[in-house]
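One-letter residues, chain by chain:
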Amino acid sequence: QVQLVESGGGLVQAGGSLRLSCAASIRPFSSYVMAWFRQAPGKEREFVAGISWIGDRSDYADSVKGRFTISRDNAKNTVFLQMNSLQPEDTAVYYCAVDWPGTRVSTMTKEYDYWGQGTQVTVSS
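Quick summary incoming for the structure in this document. The shown structure was predicted, so the numbers you read here are calculated from the model rather than taken from an experiment.

**What to know about the pairing of strand E11 (residues 119-124)**
Burial of the side chains of E11 is restricted to one face: Thr 119, Val 121 and Val 123 are buried, whereas none of Gln 120, Thr 122 and Ser 124 on the reverse face is. The pairing of strand E2 (residues 10-13) with E11 spans four bridges and is classified as parallel. Among the inter-strand pairings, Gly 10 is bridged to a residue of E11, identified as Val 121. For strand E9 (residues 92-99) and E11, the ladder comprises three bridges, and the chain directions are antiparallel. Counterpart to Tyr 94 in the pairing with E11 is Thr 119.

Pasting the structure below:
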């Protein structure tokens, strides 16, 4: 069973930054994709960013392009999400997800096999 543990959420003022981390307890025998989703109260879970196995391909939601950066450290089975210029509309619970095995970044929740417990990000105006 793969476990994902997120950290780095919190309260920040608009314009501020946060860095999320997600460590996966995984012994990969094949490539896997890592991604971040978020869910605001009363809304569906939505794709934020995803990154391929060797990090050569990444994808972002239009709403975060130019502000968020996803990266990964395969030696530590960890994915990061650097969030800059945060806005109140970024307030949500952020979830780490893994598609294993996987090579292509998908924006669809159904493609991901494992999920973290979520970490709250709150941006005040």
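From this point, the narrative continues.
**A closer look at the nonpolar core**
One finds Trp 36, Leu 81, Met 83 and Tyr 94 to be the most contacted residues of the largest nonpolar core, which totals 31 residues. Listed by contribution, the elements that provide at least two residues to this core are strand E3 (18-24), strand E4 (33-39), strand E5 (46-51), strand E7 (68-73), strand E8 (78-83), E9 and E11. Ignoring sequence-local partners within four residues, the contact set of Leu 81 consists of Leu 18, Arg 19, Leu 20, Trp 36, Val 48, Ala 49, Phe 68, Thr 69, Ile 70 and Tyr 94.

Reading the values: rules and limits
Residues numbered from 1 in each chain as written. Predicted model: local features only at pLDDT ≥ 70, side-chain atom pairs only at ≥ 80, totals over all residues. Heavy atoms only, no water. Buried < 20%, exposed > 50% of the residue type's maximum accessible area, 1.4 Å probe, protein only. Helix = DSSP H or I, 4+ residues; strand = E, 2+ residues; numbered from the N terminus. Pairing = 2+ DSSP bridges. Core = buried A, V, L, I, M, F, W, Y, C linked by side-chain atoms within 4.5 Å. Contact = heavy atoms within 4.5 Å.

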